[in-house]
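# Observations on the model geometry
Each chain, letter by letter, is given below.
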Amino acid sequence: MPDPRRVGIINIGTLVTGDLDRPVLDDADSLFIEAGRIAAVGGPLCEDDVDQLIDAAGATVGPGLIDSHCHVVIGDFTPRQNVVGFLSSYVHGGITQVISPGEIHAPGRPHDADGVVALAVFAQRSWTNYRPNGMKVNGGAVVLEPTLRPSHFRYLADQGVRLAKFGFGLYEDPADGLPQVEAAQEVGIKVMCHSGGASIPGSKPITARHLMLLKPDVCGHINGGPSSLDDDGVAEIVTDTDLVLQIVQAGNLRSAIRIVDLVLQVGAEQRVIIGSDTPTGTGVMPLGVIKTMAELSSLTEADPAVVWAWASGVVADVYDLEAGKVEVGRPADLIIADAPWGSYGGDALGALARGDIPGISCVLVDGRIRALRSRNTPAAARLAVVTPEVGELPGSSHV
């Protein structure tokens, strides 16, 4: 639930917006939050104006990260790695919201139409009601199967299912999935498509030719999941289509760098989103998104504030989410971060530019503090100070 208290954040050194049109606000050093939403950006604030005051101590404030490819199943548990509580831990990596590519790791996942539909509706309902450590989980993406008909998609849309994943159904040839992709899109369900080599048993390689034919809304892990597409095919997708390009941590770093270089050349920054594509065989990675941000900020010419937007505001634009940008009226899903203690980056953006993972000292979801002194990032050089003091939060660092 949103925090009903009035919350102020002062002494902001750099305010990152998540908005590509203006990635950084140079003239705002404070935020006012009311009923869990951003009520004002900039302007004077004092302790008497609010119920809770957070002094950023000159550190960077920006939107919480949105993991656009997170393999949730049911509850805060992943059977792939047999880990409980991984989503709560991801909040300590600055991730305040995730998007499921379908609960494909559910043991015994059904392939018949009734089972597929039931799983999607159940997961959508479950994640609507359950928020581990405050995290918002967009779950219940229907996994496309050849058994699904247009009537199934109309029913799913009526039930609130608005996401779909292609690439794990029982198709002889991925090209055979075109009727299901089009039927899902016809009722407003957004389709993410696997791309690259096979990732787990039951999936098939999906080539650039398949992607050009299927025309999904989002090219899932366009840099490989984990095996990358051919270079010429990737170049064609970047330059000759308007498909959303998802770059993930559990992909191919060489391909990711090349994709970003192409994106910057053609001015397609508004089409890039970041995800972790975990937990998978790569493991549970609470810092999967911010690590990708550091890699892209340091190994390409992309501005770190733009890369931050690829992990927040651009994801919000693609998936029609409320949070993701620092803007009046939006949910106050925020992180306070700085260069890690001992880094030569100077601040969070400078750390990213050097390839260092910033230290996170505060995470808010809907205006409520969910983590202080992240247990997963290095210690921040400048730590947020909260007045009145809050007790030790579950899972917080004891540094």
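For every chain, the first residue of its written sequence is number 1, and the numbers climb from 1 along that sequence. The model is predicted, so local features are restricted to residues of pLDDT at least 70 and side-chain atom pairs to those at 80 or more, both for listing and for counting; the totals for chains, interfaces and linings are taken over all residues. Derived side-chain values reflect all non-hydrogen atoms in the structure, with water molecules and hydrogen atoms excluded from consideration.

To summarise the sheet geometry, strands pair through backbone hydrogen bonds and adopt either a parallel or an antiparallel arrangement. Judged by pairing direction, the sheet is mixed, and its 6 strands sit side by side in the order β3-β2-β7-β19-β20-β21 without closing on themselves. The outermost strands of the open sheet, each flanked by one partner alone, are β3 (24-25) and β21 (368-372). For strand β19 (residues 334-338) and strand β20 (residues 359-365), the ladder comprises 5 bridges, and the chain directions are antiparallel. Following the sheet pairing, Leu-334 is matched in β20 by Leu-364. Pairing between strands requires that DSSP locate at least two bridges from one strand to the other. Strands are runs of DSSP state E lasting at least two residues, helices are runs of H or I lasting at least four, and both sets are numbered from the N terminus onward.

Under the scheme applied here, a residue whose accessible area is under 20% of the maximum for its type counts as buried, over 50% as exposed, and between as partly exposed, the area being computed with a 1.4 Å probe on protein chains only. Taken residue by residue, helix α3 (residues 150-158) has His-152, Phe-153 and Leu-156 as its buried positions. Looking straight down α3, one finds its buried side chains confined to an arc of 95 degrees; they lie on one side. On the buried face of α3, the contacting elements are α2 (113-129), β13 (142-143) and α4 (178-186). Backbone geometry just after α3 places Gly-160 at a positive phi near 95 degrees. Directions are taken from the helix axis to each C-beta atom, and the arc is the one they span. Here, two residues are considered to be in contact whenever any of their heavy atoms come within 4.5 Å of each other.

Before going further, it helps to examine the nonpolar core. The nonpolar core is taken to be a set of buried Ala, Val, Leu, Ile, Met, Phe, Trp, Tyr and Cys residues, with the residues joined through side-chain atoms within 4.5 Å. Leu-144, Met-293, Trp-310 and Tyr-319 are the most contacted members of the largest nonpolar core, which totals 93 residues. If one sorts the elements of this core by residue count, α2 sits on top with 7 residues. When sequence neighbours within four positions are dropped, the list of residues in contact with Leu-144 reads Phe-153, Ala-164, Lys-165, Phe-166, Gly-169, Tyr-171, Gln-180, Val-181 and Val-191. Formed by 24 residues, the second largest nonpolar core is a distinct cluster that contains Ile-12, Ile-369, Leu-372 and Val-386.

In this section: the environment of Ile-104. Secondary-structure assignment places Ile-104 in the loop between β11 (95-99) and α2. Classification of Ile-104 as buried rests on a relative accessible area of 7%. Through-space distance from the C-alpha of Ile-104 to that of His-71 is 7.6 Å; in sequence the pair is 33 residues apart. Filtering out sequence-adjacent residues up to four positions away, Ile-104 remains in contact with His-71, Arg-109, Val-143 and Phe-168.

Bringing unusual backbone geometry into the picture now. The omega angle of the peptide bond from Gly-225 to Pro-226 is 0 degrees, so this bond is cis rather than trans. Look at the link from Thr-387 to Pro-388: it is a cis peptide, with omega at -5 degrees. Mapped onto the secondary structure, Pro-388 falls in the segment after β22 (385-387). The backbone of Asp-277 sits at a positive phi, close to 55 degrees, despite the residue not being glycine.

For strand β17 (residues 244-248), the tally of buried residues reaches 5 of 5 residues, placing the bulk of the element in the interior. Neither face of β17 is left uncovered, since the one carrying Val-244, Gln-246 and Val-248 and the one carrying Leu-245 and Ile-247 both have all their residues buried. Pairing geometry for strand β16 (residues 218-219) and β17, over 2 bridges, is parallel. Residue pairing for β17: Val-218 is matched across the bridge by Val-244. The handedness of a crossover follows from its direction of travel: if, with the strands pointing away from the viewer, the path from the first strand over the helix to the second runs clockwise, the crossover is right-handed. With helix α6 (residues 231-240) bridging β16 and its parallel neighbour β17, the resulting β-α-β unit is right-handed. Bridge count for β17 against strand β18 (residues 272-275) is 4 bridges, and the pairing is parallel. Among the inter-strand pairings, Val-248 is bridged to a residue of β18, identified as Gly-275. Handedness of the crossover joining β17 and β18 through helix α7 (residues 253-266): right-handed.

This paragraph deals with empty space enclosed by the protein. The rule is simple: put a 1 Å grid over the protein atoms alone, call a set of points where a 1.4 Å probe fits but cannot get out a cavity, call an open set with protein on both sides within 12 Å along at least five of seven lines a pocket, and count a residue as lining if it has an atom within 4 Å of a point. Grid points are joined across faces, edges and corners, and a volume is the space filled by probe spheres set on the points. Under the counting rule described, the total for this entry stands at 3 cavities of 30 Å³ or more. Considered as a void within the structure, the second largest cavity measures approximately 50 Å³ in volume. Lining the second largest cavity are Glu-103, Arg-109, Pro-110, Val-116, Leu-119, Ala-120, Ala-141, Val-142 and Val-143. The dominant element in the lining of the second largest cavity, judged by the number of residues it contributes, is α2, at 3 residues. Polar here means any residue outside two lists: the nonpolar Ala, Val, Leu, Ile, Met, Phe, Trp, Tyr, Cys and Pro, and the charged Asp, Glu, Lys and Arg; Gly therefore counts as polar. Its residues assigned to classes, the lining of the second largest cavity shows 7 nonpolar, no polar and 2 charged.

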